[in-house]
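Chain by chain, the residues run as shown.
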Amino acid sequence: MKQLLPMGYSPIEKIQEDLFDEHKLHVSVLREDKNHPLIQGNKLRKLTYNLLNAKKKGNKTLLTFGGAYSNHIAAVATAGKKFGFQTIGIIRGEETLPLNPTLSLCKQNGMELHYEDRTTYRLKNTQDYKEYLRNKFGSFYLIPEGGTNYYAINGCMEIIERYDEYDYICCPIGTGGTVAGITISNQGKSKILGFSSLKGGEFLTQEIRSQIHSVLNDKELTDAVLHSFELVTDFHFGGYAKITEDLLNFVRKFYSSHQIKWDLLYNGKMAYGVYEMIKQGFFPEHSRILLVHTGGIQGIAGIEERNNIRIYED
Ligand SMILES: *Cc1c(COP(=O)(O)O)cnc(C)c1O
């Protein structure tokens, strides 16, 4: 377990681009995709304190939920194997064989996969369903879909704790747990821009507010830190996991110029959004902007398979 905690340090890379010079901006990427050789990105941050808590409570099994391409499911399977837990993944939808790259990785890491049809899957947070799972699998430590809970947010607070010289910190959003942690630890020093990967993500500010409150447990303090947070909803590209030719061209060009791969579900959309906002003059001159690369690289193969495309040539 010790190996998990002092996480590798994530490098910061400055990005050179004519567009940034024209607008007199300083743009860097925090390479959280490099924070661990096996379980990279924000999913590692979200798991760290959950694993410690599970160990402390004497749990030997982790159980969690996710879609068939979920970065979270992959991270739980890998972390379980590495840190000595059995793992059970409740997967949304039917089994498709051969297993996609995400689920084959899970299987290789010893995860027991249990499929639920979409209707049943929707009941996953009910007491009845949890009871059913306990009867079926015995005792386990439950981690919610996407991995966000109190412990996850605490883990995400460590993402930017050493960096306070930025005017803007940009981060993609799924459940909001990652950006909630960042917003708390930033303590109002930077403006935090959260990019929704969902269509109709307008509810997320309230969601993030309650996540922040769950950690700070103080209404005024919550409102004070939330003040620095701004939700951006314009760059979902048609909805979660939807991709467009424009988005593909953007990530490919970015990779050939900067040798950084973005995943298409979260980071590609955020980075595209940042470029658009720069063109629109959103950021004042001389702003220092940090893009948090939250990982998700394991999911690229699955997206390629599903859409029958190659995203990156290598
Ligand atoms: C899960 C995930 C997110 C979303 O994180 P939340 O904490 O759910 O908002 C962002 N980026 C990547 C790569 C992810 O896998």
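Residues numbered from 1 in each chain as written. Predicted model: local features only at pLDDT ≥ 70, side-chain atom pairs only at ≥ 80, totals over all residues. Heavy atoms only, no water.

A.B. asks: An account of the overall build of the protein chain is requested, with residue identities and associated values reported.
C.D. replies: A tally of helices and strands in the protein chain yields 13 helices and ten strands. The globule rule puts the C-alpha radius of gyration for 314 residues at 20 Å, and the 19 Å found for the protein chain is close to it. In terms of its C-alpha atoms, the protein chain occupies a principal-axis envelope of roughly 60 × 50 × 35 Å. Taken over 314 residues, the protein chain has a buried fraction of 54%. Intrachain contacts of the protein chain at a sequence separation of at least 6 include 72% that bridge at least 24 residues. Surface summary for the protein chain: the accessible area is close to 14300 Å², and the carbon and sulfur share equals 48%. Within the protein chain, the 36 negative side-chain charges are centred at a point lying 6 Å from the centre of the 37 positive side-chain charges. (Helix = DSSP H or I, 4+ residues; strand = E, 2+ residues; numbered from the N terminus. Rg over C-alpha atoms; globule rule 2.2 N^0.38 Å. Buried < 20%, exposed > 50% of the residue type's maximum accessible area, 1.4 Å probe, protein only. Contact = heavy atoms within 4.5 Å. Areas by Shrake-Rupley, 256 points an atom, 1.4 Å probe, with all protein chains shown as cover. Lys, Arg positive; Asp, Glu negative; His and termini not counted. Charge placed at Lys NZ, Arg CZ, Asp CG, Glu CD.)

A.B. asks: Now, about the packing of helix α9 (residues 204-216) against helix α10 (residues 219-226): what can you tell me, with residues and values included?
C.D. replies: What describes two packed helices is the angle between their axes and the distance between those same axes. Taken N-terminus to C-terminus, the directions of α9 and α10 make an angle of 130 degrees; their axes are 9 Å apart at the nearest point. What the angle tells us is that α9 and α10 run oblique. Both α9 and α10 take part in a crossing whose hand is right-handed. Residues Thr 205, Ile 208, Arg 209, Ile 212, His 213 and Leu 216 of α9 form the contact with α10, whose own contacting residues are Lys 219, Leu 221, Thr 222, Asp 223, Val 225 and Leu 226. (Axes fitted to C-alpha atoms, helices over the stretch in contact; angles between N-to-C directions. Parallel < 35°, antiparallel > 145°, perpendicular 65-115°, else oblique. Left-handed = near helix turned anticlockwise from the far one by under 90°.)

A.B. asks: Just give me the short version of the sheet that holds strand β5 (residues 112-116), but keep the residues and values in it.
C.D. replies: In space, the four strands of this open sheet follow the order β5-β4-β3-β6, with parallel pairing throughout. Lying at the two open borders of the sheet, with one neighbouring strand each, are β5 and β6 (141-143). Along the sheet, successive strands turn relative to each other by an average axial angle of 20 degrees, direction set aside. (Pairing = 2+ DSSP bridges.)

A.B. asks: Explain unusual backbone geometry to me, using residue names and the numbers behind them.
C.D. replies: Here the residue pair Leu 97 and Pro 98 is connected by a cis peptide bond, since its omega of -5 degrees sits within 30 degrees of zero. Phi is positive for Phe 237, which is not a glycine, with a value near 55 degrees. Note that Phe 237 resides in the loop between β9 (229-232) and α11 (245-258). Classification of Phe 237 as buried rests on a relative accessible area of 16%. One non-glycine residue, Asn 308, lies in the positive phi region at around 55 degrees.

A.B. asks: Report on helix α8 (residues 177-186), specifying residues and quantitative values.
C.D. replies: Within α8, ten of the ten residues are buried, which leaves the element mostly enclosed by the surrounding structure. Buried residues of α8: Gly 177, Thr 178, Val 179, Ala 180, Gly 181, Ile 182, Thr 183, Ile 184, Ser 185 and Asn 186, and no others. Gln 187 sits one or two positions beyond α8 and adopts a positive phi of about 50 degrees.

A.B. asks: If you had to explain the pattern of salt bridges to someone new, which residues and values would you point to?
C.D. replies: Scanning the model with the defined rule gives ten salt bridges in all. Across the pair Glu 32 and Arg 45 runs a salt bridge whose closest N-O atoms are separated by 2.7 Å. With Glu 32 in the loop between β2 (26-31) and α2 (42-56) and Arg 45 in helix α2, the pair connects residues that are 13 residues apart, well separated along the chain. Between Glu 145 and Arg 92 there is a salt bridge whose closest N-O contact spans 3.6 Å. With Glu 145 in the loop between β6 and α7 (150-156) and Arg 92 in strand β4 (residues 86-92), this pair connects stretches of sequence that are 53 residues apart. It is possible to trace a salt-bridge network through shared partners that takes in Glu 13, Arg 31, Asp 33 and Lys 34. (Salt bridge = Lys/Arg side-chain N within 4 Å of Asp/Glu carboxyl O.)

A.B. asks: Which residues make up the site of the ligand, and what values do they have?
C.D. replies: Taken together, 15 residues are adjacent to the ligand, and Lys 43, Lys 46, Thr 175, Thr 178 and Thr 294 come closest. Asn 42 places a side-chain nitrogen or oxygen 3.0 Å from an oxygen atom of the ligand. One of the backbone N or O atoms of Gly 174 is found 2.7 Å from an oxygen atom in the ligand. Starting from 390 Å² of accessible surface for the ligand in isolation, the protein chains cover 97%. For the shell around the ligand, the secondary structure elements donating two or more residues are α2 and α8. (Near = heavy atom within 4 Å. Polar contact = N/O pair within 3.5 Å; in protein donor to acceptor, adjacent residues only side chain to side chain.)

A.B. asks: Could you give an account of the environment of Val 179, with specific residues and numbers?
C.D. replies: Along the chain, Val 179 falls in helix α8. C-alpha of Val 179 to C-alpha of Ile 212: the two residues are 33 residues apart in sequence and 9.5 Å apart in space. Once residues lying within four places of it in the same chain are set aside, the contact partners of Val 179 are Cys 171, Ile 173, Ile 192, Gly 194, Ile 208 and Phe 229.

A.B. asks: I'd love a proper account of the side chain of Thr 87, names of residues and values included.
C.D. replies: Mapped onto the elements, Thr 87 comes out in strand β4. Its relative accessible area of 3% is what places Thr 87 among the buried residues. Setting aside residues no more than four positions away along its own chain, Thr 87 makes contact with Leu 62, Val 76, Ala 77, Gly 80, Gly 110, Met 111 and Glu 112.

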